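# Understanding the architecture of this molecule
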Amino acid sequence: MGRAVKDAKLDKRDARLKLAVQKEPHWRLVSEGAHLGYYRGARVGKWVARFKAPGSAGGYAKKTLGEADDVRDADGETILTFRQADDAARIWFAEKARGDVEVVGPFTVATALDEYAASFKIRTGAIPSDLKSRIDEIIKPALGHYEVAKLTQKIVSGWHEARASSPAKLRTRKGAETQNERAVDDKEGLRKRRATANRDLTVLKAALNKAAETRDWLPITAWTKVKPFKGVDVAKRRYLTDDEARRLVNASDPDFRPIVRAALLTGGRYGELRHAQVKDYDRQSKTVYLRETKNAEPRAAYLDDEGVEMMEQAVVNKGPQAFIFMRPDGTQWMRSQQLRRMEEAFDRAKIDKTTFHDLRRSYGARLARAGVPMAVIAEALGHKDERITRKHYAHLAPSYVSETVRSAVAGLGIVEKSNVRRLV
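A few points on the structure. Just so it is clear, the model here is predicted, and its values are computed rather than measured.

### What about the overall build of the protein?
Per the secondary structure count, the protein includes 16 helices and 10 strands. Its C-alpha atoms put the protein at 95 × 60 × 50 Å along the principal axes. The 424 residues of the protein split such that 40% are buried. Here the protein contributes 81 positive and 58 negative side-chain charges, whose respective centroids are spaced 1 Å apart.

### Overview of helix α14 (residues 374-381)
Turning to α14, its buried residues number three or more, namely M374, I377, A378, A380 and L381. Buried residues of α14 fall within an arc of 165° about the axis and therefore sit on the same side. Looking one or two residues past α14, G382 carries a phi angle of roughly 75°, positive in sign.

### Some thoughts on the sheet that holds strand β3 (residues 45-51)
Taken together, the five strands give an open sheet; going across it, the order is β1-β2-β3-β4-β5, and neighbouring strands pair in mixed fashion. Edge positions in the sheet fall to β1 (26-31) and β5 (79-80), since each of these pairs with one other strand and no more. Relative to strand β2 (residues 34-40), β1 runs antiparallel, the two sharing five bridges. Note on β2: the bridge partner recorded for H26 is Y38.

### Some thoughts on the environment of A211
Among the secondary structure elements, A211 is positioned in helix α6 (residues 187-212). What makes A211 buried here is its relative accessible area of 1%. Placed 100 residues apart in sequence, A211 and T111 show a C-alpha to C-alpha distance of 9.2 Å. Look past the residues within four positions of A211 in its chain and what remains in contact with it is F107, A112 and L218.

### Observations regarding unusual backbone geometry
Even without being glycine, S336 reaches a positive phi, approximately 75°. By the element assignment, S336 lies in the loop between α11 (305-315) and α12 (338-349). In this structure, K350 takes a positive phi of about 55° despite not being glycine. By the secondary structure assignment, K350 is in the loop between α12 and α13 (357-369). Given the relative accessible area of 71%, K350 is considered exposed.

### Some thoughts on the packing of helix α5 (residues 153-165) against α6
Where α5 contacts α6, the two axes come as close as 7 Å, and the packing angle between them is 145°. In this structure, the crossing between α5 and α6 has a hand that is right-handed. Where α5 approaches α6, its residues V156, W159, H160, R163 and A164 are matched on the opposing element by L190, R193, R194, T196, A197, N198, D200, L201 and L204. Here the contact of α5 with α6 is composed, by residue class, of seven nonpolar, three polar and four charged.

### Concerning the pattern of salt bridges
Within this structure, the stated rule accounts for 32 salt bridges. Of the charged contacts, one joins R90 and D86 as a salt bridge, the two residues approaching to 2.8 Å between their closest N and O atoms. Within this pair, R90 and its partner D86 are both found in helix α2 (residues 82-97), separated by four residues, close to a single helical turn. Residue classification places D86 among the buried positions, given a relative accessible area of 5%. Among the salt bridges present, the one from R163 reaches D200, with a minimum N-O distance of 2.9 Å. Highlighted residues: R163 in helix α5 and D200 in helix α6, separated in sequence by 37 residues. Of the two residues, R163 and D200, both sit in the buried class.

### A few points about the environment of K210
Here K210 lies in helix α6. On a C-alpha basis, the gap between K210 and E95 in space is 19 Å, while along the polypeptide they are 115 residues apart. Excluding residues within four positions of it along the chain, K210 makes contact with Y116 and S119.

### Let's talk about the side chain of E67
Looking at the secondary structure, you find E67 in strand β4 (residues 61-68). E67 sits in the buried class, given a relative accessible area of 18%. Here R72 takes part through its side chain, which lies 3.0 Å from a polar atom of the side chain of E67.

Quick notes on the rules
- Residues numbered from 1 in each chain as written.
- Predicted model: local features only at pLDDT ≥ 70, side-chain atom pairs only at ≥ 80, totals over all residues.
- Heavy atoms only, no water.
- Helix = DSSP H or I, 4+ residues; strand = E, 2+ residues; numbered from the N terminus.
- Buried < 20%, exposed > 50% of the residue type's maximum accessible area, 1.4 Å probe, protein only.
- Lys, Arg positive; Asp, Glu negative; His and termini not counted.
- Charge placed at Lys NZ, Arg CZ, Asp CG, Glu CD.
- Arc of directions from axis to C-beta.
- Pairing = 2+ DSSP bridges.
- Contact = heavy atoms within 4.5 Å.
- Axes fitted to C-alpha atoms, helices over the stretch in contact; angles between N-to-C directions.
- Left-handed = near helix turned anticlockwise from the far one by under 90°.
- Nonpolar A, V, L, I, M, F, W, Y, C, P; charged D, E, K, R; others polar.
- Salt bridge = Lys/Arg side-chain N within 4 Å of Asp/Glu carboxyl O.
- Polar contact = N/O pair within 3.5 Å; in protein donor to acceptor, adjacent residues only side chain to side chain.

Structure follows, in structure tokens:
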């Protein structure tokens with residue numbers, strides 16, 4: 001009878017570094033016959049995996065997954081965190097369980113999307129909900145059955161154009177027989193649908209390009225020659241004034257008000273804030289660590305004095321694992337539960353309706369109007385590229401050009417002064 005494996009504590013870096021340096025890896029059971037291991041070398045630690053089909057004779061098949069992030073930060077490819085190594089091991093275990101054979105049947109778009117999603121999760125630790133919904137609800141139903149080898153530019157461009165003219169899906173009651181939709185019936189609606197179609201196309205291209213990295217026989221021109229619609233990705237200009245922000249907070253339901261305040265004072269997205277836990281708030285550094293972000297890259301939200309006071313009130317009498325912002329029954333706010341509450345708050349505040357995301361834009365706008373450098377705003381909002389920040393906020397910032405123009409031009413004397421002003 002084989003000797004039972006004693007599970008090693010591998011998920012924490014400090015615990016791994018306390019393990020003995022030895023020739024045999026320290027193993028952790030994943031499932032019967034499948035183990036994730038950590039080789040503790042004198043210089044570097046490595047992730048390894050071993051697999052033996054339950055009930056089979058012979059020894060284990062083994063594989064080195066990558067270097068552990070003991071010294072250097074993980075990159076998701078050659079240096080892996082525990083979670084990334086665990087995901088990579090499970091993918092390998094599934095391959096071994098199939099008998100080291102390729103999936104029977106044609107290589108389809110659905111398979112390429114699944115591979116891309118798995119690779120994304122290994123690199124970043126999670127699949128953003130927006131990416132998952134685009135894959136599962138939009139691309140797969142339309143293109144998933146196609147063999148990638150038989151894709152043509154006509155197929156891909158036809159799908160892209162059809163997406164641009166399709167009705168926009170609206171929130172629908174769970175279990176409803178039909179999906180609520182809004183038809184595209186004006187110029188602005190068409191622009192928005194084209195912008196959405198471009199984002200869908202970006203995901204499809206990324207998945208197919210990833211598949212083509214190891215399959216040089218795939219027809220990459222079938223998708224690379226399909227170009228996105230131009231001039232449709234327009235920066236949104238809806239920002240709340242300080243007065244509107246105060247009115248909105250006062251008009252919000254008392255149970256929903258804390259998360260509205262948090263969005264205005266941190267620039268956090270609804271999804272980021274609803275996942276935030278008490279342990280993520282650091283009183284000393286005056287930050288809230290947002291773990292569940294849009295691009296799956298955690299970041300810190302920086303608090304001013306008012307933000308600190310807001311957090312202190314929100315975390316009182318709560319344990320470290322509790323959610324900072326909770327529903328009245330003590331449970332987590334769920335996806336889309338902000339929509340109706342925002343609409344009602346805007347009605348009561350008598351403000352033009354917008355979305356929860358515009359609270360984040362209002363935070364960025366306040367920073368820009370105060371003269372905060374674009375690079376700092378980009379860091380505060382978690383933008384990967386400063387160009388995104390400039391696109392949305394550069395026009396709000398005090399600039400040398402605008403001040404020079406206003407001071408140099410004295411006017412033509414063609415407008416008579418009036419005391420009549422619009423009431424805000």
